[in-house]
Amino acid sequence: MTDKLFEARLGDMISRCERSSAPVFSFFLDERQCAEAELWCSHNAGDLRYMLWGGYEDAQRKMLAVYPDFCEDYVQEDFPMHCLTFTFRKEDRLTHRDFLGSFMALRLKREVIGDIIIAEGRAQTFVTEIASRLITTVTSKIGRVGVKISDNIPFELEKTQEFQDISGTVASLRLDCVVSLAARVSRENAARLIRSEKVDVNHFTASSVSAELRQGDILSVRGCGRFVLSSIDGATKKGRIHINLRKYI
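Q: Account for the pattern of salt bridges, with residues named and values stated.
A: Inspection of the entire model under this criterion finds 13 salt bridges. Here Arg174 and Asp176 are joined by a salt bridge, their closest N and O atoms 2.9 Å apart. Residue classification places Arg174 among the partly exposed positions, given a relative accessible area of 24%. The exposure class assigned to Asp176 is buried, which follows from its relative accessible area of 4%. Each of Arg32, Glu36 and Asp200 takes part in one network of salt bridges that share partners.

Here it is as structure tokens:
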């Protein structure tokens, strides 16, 4: 369920857009906020259009735009974000934590920073216009590694994600059964996690232990990690179901 403060912010975006007849943009939202914003807008945007965009396809962190329909053709170009490209020696190894820590040290809030994609000797991130000016002005190192920053190179890195495969059989595709396999706990303890609101399905807090899952659903189990139900592979002779989960690492 959308929290009241976030819902109020979305409502304010709608009101501002209606008054100005111009696009209104949020800061960067995390995946859960994106899901909540999309659901809320689907019921409350009225005649206005809305779009989530993080600078590239499959971005995790995105901005929300609310806009009149006549802005449809150009609104994506108007999102107030910049792509920053960092180059450094290939022998140096920088992590997502290194970049985020350096940005936080500038007293930037997480909401002004989008995805951070890192490759050998290079990284790219999307940030708001104000954050871009600050970072490019004062940053010469990420951690202890010297970097050069450009704000005029298009996004071109490919995002990669590593997984650990978890295979097994479950009595059914009920949420408690799948969480039991994913978290390697008993079904009773899986049900306890769900009832304690420690399990999310597709970025929303799960409320029913008996909810049926589908291939592609994303699970987050607090203290255990994040998983995607990647395949459902038929049944055993005893009627149990073969499934494969992929754990984000």
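Q: Account for the packing of helix H5 (residues 175-183) against helix H6 (residues 187-195), naming residues and giving values.
A: For any two helices packed against each other, the geometry comes down to the angle between their axes and how far apart the axes lie. Packing of H5 against H6 leaves a shortest axis separation of 8 Å and a crossing angle of 110°. Comparing the axis directions of H5 and H6 gives the class roughly perpendicular. Between H5, through Leu175, Asp176, Cys177, Val179 and Ser180, and H6, the contact on the second element is made entirely by Arg187, Ala190, Ala191, Leu193 and Ile194. When the residues that make up the contact of H5 with H6 are grouped by side-chain class, the tally is seven nonpolar, one polar and two charged.

Q: Please give an account of the sheet that holds strand E6 (residues 122-128) that cites residues and values.
A: Here four strands make up an open sheet; going across it, the order is E5-E6-E4-E9 and the pairing antiparallel. Among the strands making up the open sheet, the edge pair consists of strand E5 (113-119) and strand E9 (148-150). Neighbour-to-neighbour, the strand axes of the sheet open up by a mean angle of 20°, direction not taken into account. Bridging between strand E4 (residues 81-87) and E6 involves seven bridges; their strand directions are antiparallel. Pairing of His82 across the sheet is with Val127, part of E6.

Q: Account for the pairing of E6, with residues named and values stated.
A: Counting buried residues in E6 gives six out of seven residues, a clear majority hidden from the surface. Note: E5 against E6, five bridges, orientation antiparallel. From the neighbouring strand, Ala119 faces E6, where its bridge partner is Arg122. Hairpin connection of E5 to E6: two residues between the antiparallel strands, including Gly121 at a positive phi of 75°.

What counts and how
- Residues numbered from 1 in each chain as written.
- Predicted model: local features only at pLDDT ≥ 70, side-chain atom pairs only at ≥ 80, totals over all residues.
- Heavy atoms only, no water.
- Salt bridge = Lys/Arg side-chain N within 4 Å of Asp/Glu carboxyl O.
- Buried < 20%, exposed > 50% of the residue type's maximum accessible area, 1.4 Å probe, protein only.
- Axes fitted to C-alpha atoms, helices over the stretch in contact; angles between N-to-C directions.
- Helix = DSSP H or I, 4+ residues; strand = E, 2+ residues; numbered from the N terminus.
- Parallel < 35°, antiparallel > 145°, perpendicular 65-115°, else oblique.
- Contact = heavy atoms within 4.5 Å.
- Nonpolar A, V, L, I, M, F, W, Y, C, P; charged D, E, K, R; others polar.
- Pairing = 2+ DSSP bridges.

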